[in-house]
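If you want the building blocks of each chain, they are given just below.
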Amino acid sequence: MLRKIIRPTSEFYNIQIPKEYINQEVEILVLPFDREKKYQDIGDKKSEVIHKSAGAIKIKDFDPLEWQREIRGEWDEREEVLNRL
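Predicted model only: the values in this text are computed from it and were never measured.

Undergrad: Please clarify how the overall build of the chain should be interpreted in this entry.
TA: Of regular secondary structure, the chain possesses two helices and zero strands. Taking all 85 residues of the chain together, 2% fall into the buried category. Accessible area of the chain: about 9,400 Å², with a carbon and sulfur share of 54%.

Laid out in structure tokens, this is it:
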């Protein structure tokens, strides 16, 4: 597999096809690459989980299984809505 991220300076770009790909079907994709957005999305998801679970262990009579069911219940509700559509 060949993957390369470039910053083109014109509309034309020449590529060299590796010898092992000659006489085979290959797929060539041209997509915009936004490194900052990609890492920001991951960071947002992590911070959301941390925000929801922060301090959970400090709670008296904390039941981790009940907490887990509650968190997963949010996804079950979303699934029910999607199934109705």
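Undergrad: So what exactly am I meant to see when it comes to the pattern of salt bridges here?
TA: Per the stated rule, a full pass over the model turns up one salt bridge. Glu66 is paired through a salt bridge with Arg69; the nearest N and O atoms lie 3.2 Å apart. Taken as a pair, Glu66 and Arg69 lie in helix 2 (residues 64-84) at a separation of three residues, close to a single helical turn.

Undergrad: Honestly, unusual backbone geometry in this entry has me stumped. Any pointers?
TA: Most peptide bonds take the trans configuration, and most residues that are not glycine carry a negative phi. In this model, Asn23 sits at a positive phi of 65°, which is unusual for a non-glycine residue. Among the structural elements, Asn23 can be located in the segment before helix 1 (35-53). Residue classification places Asn23 among the exposed residues on the basis of a relative accessible area of 80%.

Undergrad: Hey, could you run me through the environment of Ile71 in this one?
TA: If you trace the backbone, Ile71 turns up in helix 2. For Ile71, a relative accessible area of 24% puts it in the partly exposed group.

Undergrad: Teacher, can you tell me more about a nonpolar patch on the surface here?
TA: Together, Ile6, Tyr13, Ile15, Ile17, Ile22, Val26, Ile28 and Val30 line one region of the surface with nonpolar side chains, adding up to about 770 Å² of accessible area. Tracing the sequence through the fold places Ile22 in the segment before helix 1.

Basis of the calculations
Residues numbered from 1 in each chain as written. Predicted model: local features only at pLDDT ≥ 70, side-chain atom pairs only at ≥ 80, totals over all residues. Heavy atoms only, no water. Helix = DSSP H or I, 4+ residues; strand = E, 2+ residues; numbered from the N terminus. Buried < 20%, exposed > 50% of the residue type's maximum accessible area, 1.4 Å probe, protein only. Areas by Shrake-Rupley, 256 points an atom, 1.4 Å probe, with all protein chains shown as cover. Salt bridge = Lys/Arg side-chain N within 4 Å of Asp/Glu carboxyl O. Patch = residues over 30% accessible without salt bridge, like charges linked within 9 Å, V, L, I, M, F, W, Y side chains within 5 Å.

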